[in-house]
Structures are given as structure tokens and as C-alpha cells.
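Observations on chain architecture
Here are the chains, one letter per residue:
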Amino acid sequence: MTLVDQFESVFRSADRRRYKYTWVDVREVLVVTDLEATEAQGFTDNLKRFLVELGEDVTWTTLENEDYGDVEALVAKVDELQPDLIVSYRNVRYSTWKWPYSLGVYLNVLTRETDYPVMVMPNPHERPDMSWAKYETDTVMVLADHLTGDDRLVDYGARFTRPSGKLYLTHVEDDAVFDRYIEVISKLPSIDTDIAREDIRERLLKEPRDYVATCREVLAEQGHLTHEVIPVVVMGHRLGDYVKLIEDHDVDLLVFHTKEEDDLALHGKAYSLAVQIRDIPILML
């Protein structure tokens, strides 16, 4: 390596992506249910208790079972109301909530074909006690496989975390991809495999940690944000790795991307997580 190369490497290693905070304004919330009047209102009332951090300056619109027909009619309602947040639950309008294999066609369309944030709650038919409402959002986890620079995820995580709560900013580096590249490097005589393994791993984990540090600094500058910001930077790739992180930190609300074309998303794991994590509210961006 030439002296110029060394200088350039040092210069680049000192550069770090800094978080830029943007306030998430939530004034219109659309609640999509398949319930009748009294039950639908009860579901919305519990949502208000759970999402108390949104404040009182919010308009809540609840769609009952008879307020829309097919998926096209629901999308038309959404386009008409243009909410800041949609809240619903798995398998709305279908009895397939009894089998944990899908989100259902309504949620599939809302999360894949619209740009609105969608919060997926435990199904009230499966959890009629709606015990999730008593927890509020004291512990929020933002989950990504490329957290660095994903300011929008952090913005939403910070917006929904209670002032005295905990915001976990979680980055899961794909260890299977890492091992594949190290295997290739091991076949190149010009590169020391042990050094490469250690240096690359350290760098891969350092960047998200540095980014979280800037998140903590910037959020601390916002006088009304007093919650704790905690980095969780680990290696993993299996669905079980993500589930364990969620369970270990006793999460009240999980936040992640869902669209396949988004390079910062969890890609295929997002859907699997949303299907499997049935007792914890999930905000899908």
C-alpha cells in the first residue's frame, strides 16, 4: 500500500455519517378494523392509551366492518383521508388470524402498495383483552440490517418513545455474507485472512456504533427528548437472531422497513418477522 493509499484510508475512516433529526408530525390516524361499533371504538380507545406519546392534538378516524368493502375500497378510503399513520392488525376481515402464516391481503396492500406508515397491532380476535395497551411505548426498538444513515427509522423510533423510556437502535450485520467474503479472501495469497477477518468485522460494527453515537448527541439537543438511546450492534442473519433480540429487550413497539426495493430494509425477513411477532405492536415503514 502506498503512502497516498494509507493517507486516504485514514481520512475515510475518520469520516462518519451523522444523524439529521426530523420531527415526525402525526395529526391524522386512521384505524382499520373489522369490528362493529362498540368494539371498534374500544379498540381505538386502547390505541389512544398505548400511543399516548402522540398527544391530544390528533384526529382519530375508525373504520368499522361496514365502512369499506374490498381492498380497492379501503385503498380509496386511505387516499381520501391521507392519514399520517394507519393502524390495523393481521388478517383483518379474515378468520385466518387463527393460523400464523400471513398478514392478510389488506395489510399486504397497505404495507407494499402505499407510502403510509402502518402500525400492526395484535389481532383483537386473538387478544380480546388488548393487554398491550397498558404498556404504552416505554421500550421501542428500531431494527435494521443497515442502520447507518437511516435517519427516517430513527426519527420514527424517537417519535414514539416515551420521555422516560428506552430507544434501542439495533443493527444486525449479516454474518453469513461476512463469512462468505472471508472465505473468498482466504483464497487470495496477497491478503492475510486473519487480519482481514478482524479488521473488516471491527469496521462493519464500528460504523453503526458511530452513527448511533451521533443519534444520541442530536436527540439530546432536542429539549423534549429525554429517553435513553441504546445501541445494539451484533452479527446474525437467522430469523431467530432477530426474535431473540426483541424478546431479550422486552420491546413494546418494533420499528422497521418493509419494502423489498428499499436497500435499508430487512428485505425478506421483514415479512417473516411481522408474521411471527404476533404479541408486539410493529410499525412498518
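This text follows the structure it describes.
Computed from a predicted structure; not experimentally measured.

Rules used throughout
- Residues numbered from 1 in each chain as written.
- Predicted model: local features only at pLDDT ≥ 70, side-chain atom pairs only at ≥ 80, totals over all residues.
- Heavy atoms only, no water.
- Buried < 20%, exposed > 50% of the residue type's maximum accessible area, 1.4 Å probe, protein only.
- Helix = DSSP H or I, 4+ residues; strand = E, 2+ residues; numbered from the N terminus.
- Phe/Tyr/Trp six-rings, centres within 6.5 Å; stacked < 30°, edge-to-face > 60°.
- Lys NZ or Arg CZ within 6 Å of the ring centre and 35° of its normal.
- Axes fitted to C-alpha atoms, helices over the stretch in contact; angles between N-to-C directions.
- Parallel < 35°, antiparallel > 145°, perpendicular 65-115°, else oblique.
- Left-handed = near helix turned anticlockwise from the far one by under 90°.
- Contact = heavy atoms within 4.5 Å.

Brief notes about helix α5 (residues 151-160)
- Most of α5 is tucked away, with nine of its 10 residues classed as buried.
- Those residues of α5 that fall on the buried side of the exposure criterion are D151, L153, V154, D155, Y156, G157, A158, R159 and F160.

A closer look at the packing of aromatic side chains
- Summed over all chains, the structure comprises seven aromatic pairs.
- On the numbers, 5.3 Å between centres and 75° between planes, the contact of F43 with Y89 is edge-to-face. Of this pair, F43 sits in helix α2 (residues 37-50) while Y89 sits in strand β3 (residues 85-89), and the two are 46 residues apart along the sequence. Summarising the burial analysis for this pair, F43 and Y89 share the class buried.
- Both rings, one in Y94 and one in Y106, keep their centres 6.1 Å apart while their planes meet at 50°; by these two values the pair is tilted. Pair noted here: Y94 is in the loop between β3 and α4 (105-113) and Y106 is in helix α4, with a separation of 12 residues, a long-range link.
- Its relative accessible area of 41% is what places Y94 among the partly exposed residues.
- Put simply, the rings of F43, F50, Y89 and W132 pair up and form one aromatic cluster.
- Between R93 and the ring centre of Y68, over which it is positioned, the NZ or CZ distance is 4.6 Å.
- Lying over the aromatic face of Y181, R180 brings its terminal NZ or CZ to 5.3 Å of the ring centre.

Some details on the packing of helix α6 (residues 175-185) against helix α7 (residues 193-220)
- At their nearest, the axes of α6 and α7 sit 10 Å apart, and the two run at 150° to each other. The angle between the axes of α6 and α7 places the two elements in the roughly antiparallel class. As for the relative orientation of α6 and α7, their crossing is right-handed in sense. Contacts between α6 and α7 involve F178, I182 and I185 from the former and T193, A196, R197, I200, R201 and L204 from the latter.

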